[in-house]
Amino acid sequence: MGKFYKNHVILFNAIKNSQPKIMPLINLIASIEEEADRSGTFEKSSIKEIKDALIDLFEKRIALYKSNMQKVIYNGSVLLNENDFVVVHSASSIVINSLIEAKKEGKEFKVLILK
């Protein structure tokens with residue numbers, strides 16, 4: 001596995017054990033590690049090949065997350081009906097973007113934002 005693999009393990013473990021825990025990042029790293037192990041990424045012959053393979057895995061995962069987020073935003077906008085009254089208690093980008101999407105669709109509604 002080599003020096004690169006050992007350094008990657010040290011880095012990923014440092015991130016996973018950091019405080020406070022950043023769970024989305026930890027989950028992303030864990031899923032990339034699993035995929036890299038399954039695909040034999042760390043068995044590649046050069047550091048450049050390993051790096052390129054890891055970049056590809058991260059880019060695919062980011063594209064999947066963006067696609068899933070767009071689906072959630074769309075589904076959120078579908079749930080809004082004409083003349084709805086929405087109470088928001090979080091500055092979630094998905095909630096905000098769902099409201100924006102519904103407005104783009106021409107829906108009229110009112111929003112109360114709690115602090």
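These figures come from a predicted structure and were not determined experimentally.

J.: Would you mind going over the overall build of the protein in detail, with residue names and values included?
T.: Helices and strands together make up the secondary structure of the protein, namely 4 helices and 2 strands. Mapped in sequence order, the helices and strands of the protein form the string α-α-α-β-α-β. For a compact globule of 115 residues, the expected C-alpha radius of gyration is about 13 Å, and the protein comes in at 20 Å, more than 25% above that figure. For the C-alpha atoms alone, the extent of the protein along its principal axes is close to 60 × 30 × 20 Å. A total of 115 residues make up the protein; the buried ones form 23% of that total. Long-range pairs, those at least 24 residues apart, make up 58% of the contacts in the protein with a sequence separation of at least 6. Element-wise, carbon and sulfur atoms account for 61% of the exposed surface of the protein, whose accessible area totals about 8300 Å². Each charge class in the protein can be summarised by its mean position, and for the 17 positive and 14 negative side chains these summaries are 5 Å apart.

J.: Quick rundown of the side chain of Ser-77? Include the residues and the values.
T.: Following the sequence through the fold, Ser-77 ends up in helix α3 (residues 47-79). From its side chain, Ser-77 meets the backbone oxygen of Tyr-74 in a polar contact 2.7 Å long. Those residues in contact with Ser-77 that lie beyond four places of it in its chain are Ser-98, Glu-101, Ala-102, Glu-105 and Lys-107.

J.: Residue-level account of the nonpolar core, with values.
T.: General note: in soluble globular proteins, nonpolar side chains tend to be found buried as a group. Within the largest apolar cluster, 7 residues are counted, these being Leu-28, Ile-32, Ala-36, Phe-42, Ile-50, Leu-54 and Leu-57. Core analysis: the next-biggest nonpolar cluster, separate from the first, contains 6 residues, Leu-80, Val-86, Leu-99 and Ala-102 among them.

J.: Give me the lowdown on the side chain of Lys-107, citing residues and values where you can.
T.: Residue position: Lys-107 is located in the loop between α4 (93-104) and β2 (109-113). Among the polar contacts listed, one links the side chain of Lys-107 to the backbone oxygen of Leu-80, at a separation of 2.7 Å. Filtering out sequence-adjacent residues up to four positions away, Lys-107 remains in contact with Ser-77, Val-78, Leu-80, Glu-82 and Ala-102.

J.: Hey, could you go over α3 for me, with residue numbers and the actual values?
T.: Between its first and last C-alpha, α3 extends 48 Å over 33 residues, near the 48 Å set by a 1.5 Å rise per residue. If you check which residues of α3 are buried, you get Ile-50, Ala-53, Leu-54, Leu-57, Arg-61, Ile-73 and Ser-77.

About the thresholds
Residues numbered from 1 in each chain as written. Predicted model: local features only at pLDDT ≥ 70, side-chain atom pairs only at ≥ 80, totals over all residues. Heavy atoms only, no water. Helix = DSSP H or I, 4+ residues; strand = E, 2+ residues; numbered from the N terminus. Rg over C-alpha atoms; globule rule 2.2 N^0.38 Å. Buried < 20%, exposed > 50% of the residue type's maximum accessible area, 1.4 Å probe, protein only. Contact = heavy atoms within 4.5 Å. Areas by Shrake-Rupley, 256 points an atom, 1.4 Å probe, with all protein chains shown as cover. Lys, Arg positive; Asp, Glu negative; His and termini not counted. Charge placed at Lys NZ, Arg CZ, Asp CG, Glu CD. Polar contact = N/O pair within 3.5 Å; in protein donor to acceptor, adjacent residues only side chain to side chain. Core = buried A, V, L, I, M, F, W, Y, C linked by side-chain atoms within 4.5 Å. Expected span 1.5 Å × (residues − 1).

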